[in-house]
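Chain by chain, the residues:
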Amino acid sequence: MFGLLALAASVAVAMIGYTQARAFVRERLRYVDLAQSSFAPVIAGLGAAMLASPIVALLPFIGGGTALGFGISVGMGVLNGQRDVRRALTAAARQRRWG
């Protein structure tokens, strides 16, 4: 029973991390050059995993894999947010050019 609850908590945390990171990059960091670099997803993922690891250590029913999954999901969210920004800027440039 606790295993199923831990899995549900891990999936929920990963989904929230992904969606929040993607939305933050797409909406708030659209014009920040450093947020569009190729190292940004790695740095964000490692930072999120490092910040989540002490919290995970305090909770008895989830393990270190949850912090790792959270870091990976945040990194993937940043990566897809970057892709969304590139697509939006490319579409705007095409529309401006072809009018």
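Residues numbered from 1 in each chain as written. Predicted model: local features only at pLDDT ≥ 70, side-chain atom pairs only at ≥ 80, totals over all residues. Heavy atoms only, no water.

**Remarks on a nonpolar patch on the surface**
A contiguous nonpolar patch, built from Met 1, Phe 2, Leu 5, Ile 55, Leu 59 and Phe 61 and spanning about 690 Å² of accessible area, is present on the exposed surface. If you trace the backbone, Phe 61 turns up in the loop between α2 (40-58) and α3 (64-98). (Patch = residues over 30% accessible without salt bridge, like charges linked within 9 Å, V, L, I, M, F, W, Y side chains within 5 Å. Areas by Shrake-Rupley, 256 points an atom, 1.4 Å probe, with all protein chains shown as cover. Salt bridge = Lys/Arg side-chain N within 4 Å of Asp/Glu carboxyl O. Helix = DSSP H or I, 4+ residues; strand = E, 2+ residues; numbered from the N terminus.)

**Regarding the confidence of the model for the protein chain**
Overall, the prediction assigns the protein chain a mean pLDDT of 92, with 99% of residues at 70 or greater. Element-level pLDDT for the protein chain is lowest in α3, with a mean of 90, against a maximum mean of 95 in α2. (pLDDT = per-residue confidence, 0-100.)

**A look at the side chain of Asp 84**
Along the chain, Asp 84 turns up in helix α3. Residue Asp 84 is classed as buried on the basis of its relative accessible area of 15%. Reaching out from Asp 84, the side chain makes a polar contact with the side chain of Arg 26 at a distance of 3.0 Å. In this structure, Asp 84 is in contact with Arg 22 and Arg 26, ignoring residues within four places of it in sequence. (Buried < 20%, exposed > 50% of the residue type's maximum accessible area, 1.4 Å probe, protein only. Polar contact = N/O pair within 3.5 Å; in protein donor to acceptor, adjacent residues only side chain to side chain. Contact = heavy atoms within 4.5 Å.)

**Observations concerning helix α1 (residues 2-27)**
Between its first and last C-alpha atoms α1 spans 37 Å; for 26 residues at 1.5 Å apiece the expected length is 38 Å, and the two agree. Contacts made by the buried residues of α1 are with α3. (Expected span 1.5 Å × (residues − 1).)

**Some remarks on α2**
When the terminal C-alpha atoms of α2 are compared, their 28 Å separation across 19 residues agrees well with the 27 Å that a helix rising 1.5 Å per residue should span. Maximum bend of α2: about 30°, positioned at Ala 52, with proline Pro 54 one to four residues after it. Of the positions making up α2, those classed as buried are Ala 40, Pro 41, Gly 45, Ala 48, Ala 49, Ala 52 and Val 56. (Bend = angle between axes of the 7 residues up to and from the residue.)

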